[in-house]
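Architecture and fold: a report
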Amino acid sequence: MAKRQSDSELLREGCRSYHKALFAVMQFRREVQDAIRAAVDERIDDIAAALKLDKAEISDGLSPYADPANFGQNWDGSEAEVGLKYPGEDWEAKWGIYFYFWIGDGDDGGVGASCWIKEPGAAMTKLAALNVAGMDFDDCTAWVWEPVGDAADGFPAAMRRALDVWIDGWHRVGGLSQFLPSRKVGKGQANA
Amino acid sequence: MVEAAEKDAASAAHRLDGLIEQSSRSFFPGVGDPLSAKLEIGSHRWLAGDREEVYSDWLAWIIGRQDDPARILPLFGLDGRPDLNEQWAVEREVVTPYGRLDLLLRHEQAGALCVEVKTESNPVEDQLERYLRWLARQRASLGLVLLAIDLPEDEPLPGSYRFCAWKHIALSLRAWASDWLRAERLYDAVMTLAFCGAIERNLLSLGGGGLNSLRTADYLKEVLGDHHGQTTI
C-alpha cells in the first residue's frame, strides 16, 4: 500500500503560517463584502428603482455569502465567489440577486451583479431582446461581469461599471418585480 | 495573500494610535476609547468570554440605567418607538414553564421582549422555539432576539426570531456612553465603556497587534464613520 507523503512542502509551510493564511482569506472576504456593500449603498436608489423593489428591503436584507462557505473536503479549488445576496433566506428560494467577486482558473478576478429566477417566464427573453451591452444570460440567470484589473481603484471602479450596466438593463426591461412569484419576506433579518 | 495581509496590517498598526486618539477626543474626552491600552480588561477573569451570565447581568444593568425608553429597541436592532414614554423593566433569569429566560424586557405600552444571550455556546435544541411558545402566551409580545457574536455565513436567517450581533450592542453602547459622558453621568459612562471594552476584546477579539490590527482599525473606522447605531452626538 502506498504510504501517504507526510513531509510535503505545504505541510511544512502550513505548520509555520496556517493561521496567517486563514486570517488572510477571512480578511479578504470581509474587505470584498465591505467594498461591494459600499458600491451598492452608493447606488441603492437606482438599483431599487430599476428593479422596482423596495429600497429598504434590499438594503436591509442583503446578506454576506461565500462559495465555498466552509472548508468542505470536496471543493476542487477551480473557482470561488464572495459577495452579498438578497433575499438571504435561500432554502426555498425562487429567485435571488447577487453582487459578488468571482475568480476561477484561467480568469482574472472580477466583480458582477446577477439575478437568478427559478421560473423566469419571459424575463430572460425580454432582457435578451434589449441587447444590453455587457449583460449575459442563460435560462434562469442574467448577469454582468467586469474584470477588476490592476488599477489602484480597480475593485470599486469595476463594481461601479457592473452596476451601471445592470441598472440600465433592469430599468429598460421595466424592473424585476414583474417576473417574481408572489412571496413572503421573513420577519427576521440580521442587523449586523 | 499572506504577504499582502501582513503589509496591510503593518500599515493599520501605524494608524491605530491615531484612530484611538481621534475616537477618544471625539466621543470620550477625559476617559479614552475602550480599545486603548489604558483599559486593561483582558486579565479580568470575571469578563472572560465564556461567562455568559456576567455579560447578561451587566447588559441588564446598563439597560436599566437608560432613561430614554425610545433607545431600548434599537439597541437590539429593532425599529425604534419614539412614542414610548414609560420606562422599561428589565428582569434576569426569568423562570417559566418553558425554560429560564436570560433577559426579559417589559414595557407597559410596547409589550415583552425576550433576549437569549450567547457569548460562546449555541442555543440548545428547541430552546428558542420554547421561548417563542412562552412569548406567544403573553399579552403583547415584541418577539425574541438571539444575541450572539455571529451567525455562520450561509446559515439561513431565522424567520421566527431576530438575530442581534454583539458588535451592534458595543457600537450602540458606545453612543450611550458618549452621551452620558457629556451629561456628566460619569459612573454610567465609564461602567458602560468598560463593558464595551469587554465585548470588543473578549467577544469580538479586537485589539492586540499583528494581523488583527486590520480588524481593529476597520472597527474603529466604523466607529468614527458615524455607524454609531443610535448616536445622538
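Note that the structure is a prediction, hence the values are computed from the model and not measured.

**A few points about the overall build of chain B**
Along the backbone of chain B there are seven helices and five strands. Here the C-alpha atoms of chain B give a radius of gyration of 18 Å, agreeing with the 17 Å that 2.2 N^0.38 yields for 233 residues. Projected onto its principal axes, the C-alpha coordinates of chain B cover approximately 55 × 40 × 30 Å. In chain B, which comprises 233 residues, the share counted as buried stands at 41%. Pairs at least 24 residues apart make up 61% of the contacts formed inside chain B by residues separated by at least 6 positions.

**Digging into the nonpolar core**
Across soluble globular proteins, nonpolar side chains show a tendency to be buried alongside one another. Counting residues in hydrophobic clusters, the biggest one holds 66 residues, and the most contacted among them are B:C114, B:V115, B:V145 and B:L147. Ignoring anything within four residues of it in the chain, the contact list for B:V115 reads B:F76, B:D102, B:L103, B:L105, B:V145 and B:L147. Judged by nonpolar contacts, the second largest core, of 38 residues, contains A:Y98, A:L127, A:M135 and A:A158.

**Here's the deal with the packing of helix α5 (residues 166-182) of chain B against helix α6 (residues 186-203) of chain B**
Residue and element names in this part refer to chain B. Contact geometry of α5 with α6 gives a least axis separation of 8 Å together with a crossing angle of 160°. Taken together, the axis directions place α5 and α6 in an arrangement best described as roughly antiparallel. Considering the relative orientation of α5 and α6, their crossing is left-handed. Taking contact as the criterion, the partners of W166, I169, A170, L173, R174, W176, A177, W180 and L181 in α5 are, on α6, L186, D188, A189, T192, L193, F195, C196, I199, E200 and L203. Each residue belonging to the contact of α5 with α6 can be placed in one class, and the counts come to 15 nonpolar, one polar and three charged.

**Focus on the sheet that holds strand β3 (residues 111-117) of chain B**
All names here are of chain B. Strands sit in the order β1-β2-β3-β4-β5 across an open sheet of five strands; the sheet is mixed. Sheet topology places β1 (89-96) and β5 (162-165) at the edges, where each strand pairs with a single neighbour. For this sheet, the mean inter-axis angle between neighbouring strands, taken without regard to orientation, is 30°. Of the pairings in the sheet, the one linking β3 to strand β4 (residues 141-148) comprises six bridges and is parallel in character. Each residue of the ladder has a partner; that of V115, found in β4, is V145. Each of β1, β2 (99-107) and β3 touches helix α2 (residues 52-65); the most contacted strand, β1, lies at about 140° to it. Sheet strands in contact with α5 are β4 and β5, and its direction is about 60° off that of β5.

**Observations regarding the pairing of β4(B)**
Burial of β4(B) is extensive: six of the eight residues sit out of reach of the surface. The parallel pair β3(B) and β4(B) is bridged by helix α4 (residues 127-136) of chain B, and the resulting crossover is right-handed.

**With respect to the confidence of the model for chain A**
In this model, chain A carries a mean pLDDT of 86, and residues with pLDDT of at least 70 account for 89%. This stretch, residues 185-192 of chain A, has a pLDDT under 50; its non-local contacts, to residues over four places away or in other chains, come to 26 contacts.

**Some words on the environment of B:R162**
Residue and element names in this part refer to chain B. Within the element layout of this structure, R162 appears in strand β5. The class of R162 is buried, set by 22 C-beta atoms lying within 10 Å. Counting along the chain gives 92 residues from R162 to A70, while the straight-line C-alpha distance between them is 19 Å.

**Some remarks on unusual backbone geometry**
Here the bond from A:D67 into A:P68 is cis, since omega is 5°, no more than 30 degrees from zero. With respect to the helices and strands, the residue A:P68 is situated in the loop between β1 (63-67) and β2 (79-86). In this model, A:Y86 is joined to A:P87 through a cis peptide bond whose omega is -5°. With respect to the helices and strands, the residue A:P87 is situated in the loop between β2 and β3 (95-104). Notably, B:E93 is not glycine yet its phi reads approximately 50°, a positive angle. Here B:E93 is to be found in strand β1. Residue B:E93 is classed as partly exposed on the basis of its C-beta count, with 13 C-beta atoms lying within 10 Å.

**Comments concerning the sheet that holds strand β4 (residues 110-117) of chain A**
All names here are of chain A. The six strands are arranged β1-β2-β3-β4-β6-β5 in an open sheet whose pairing can be described as antiparallel. Of all the strands in the sheet, just β1 and β5 (135-137) have a single pairing partner and so form its edges. Across the sheet, the mean angle from the axis of one strand to that of its neighbour is 25°, orientation sign disregarded. Pairing geometry for β3 and β4, over eight bridges, is antiparallel. Bridging from a neighbouring strand, I97 pairs with C115 of β4. Docked against the sheet, helix α1 (residues 9-42) engages β1, β2 and β3, running at close to 40° with respect to β2. Of the strands in this sheet, β4, β5 and β6 (141-147) touch helix α5 (residues 154-173), which is tilted by about 30° from β4.

**Regarding the pairing of β3(B)**
All names here are of chain B. A large share of β3 lies buried, amounting to six of its seven residues. Relative to β3, β2 runs antiparallel, the two being bridged by five bridges. Paired with L105 across the strands is L113, a residue of β3. Here β2 folds back onto β3 in antiparallel fashion, the turn holding three residues.

**Examining the environment of B:S172**
As for its position among the elements, B:S172 is in helix α5. With 51 residues separating them along the chain, B:S172 and B:V223 place their C-alpha atoms 9.7 Å apart.

Conventions and cut-offs
- Residues numbered from 1 in each chain as written.
- Chains lettered and ligands numbered in written order.
- Predicted model: local features only at pLDDT ≥ 70, side-chain atom pairs only at ≥ 80, totals over all residues.
- Helix = DSSP H or I, 4+ residues; strand = E, 2+ residues; numbered from the N terminus.
- Rg over C-alpha atoms; globule rule 2.2 N^0.38 Å.
- Buried ≥ 20, exposed ≤ 12 C-beta atoms within 10 Å, placed from the backbone.
- Contact = placed C-beta atoms within 7 Å.
- Core = buried A, V, L, I, M, F, W, Y, C linked by C-beta atoms within 7 Å.
- Axes fitted to C-alpha atoms, helices over the stretch in contact; angles between N-to-C directions.
- Parallel < 35°, antiparallel > 145°, perpendicular 65-115°, else oblique.
- Left-handed = near helix turned anticlockwise from the far one by under 90°.
- Nonpolar A, V, L, I, M, F, W, Y, C, P; charged D, E, K, R; others polar.
- Pairing = 2+ DSSP bridges.
- Right-handed = clockwise from strand over helix to strand, strands pointing away.
- pLDDT = per-residue confidence, 0-100.

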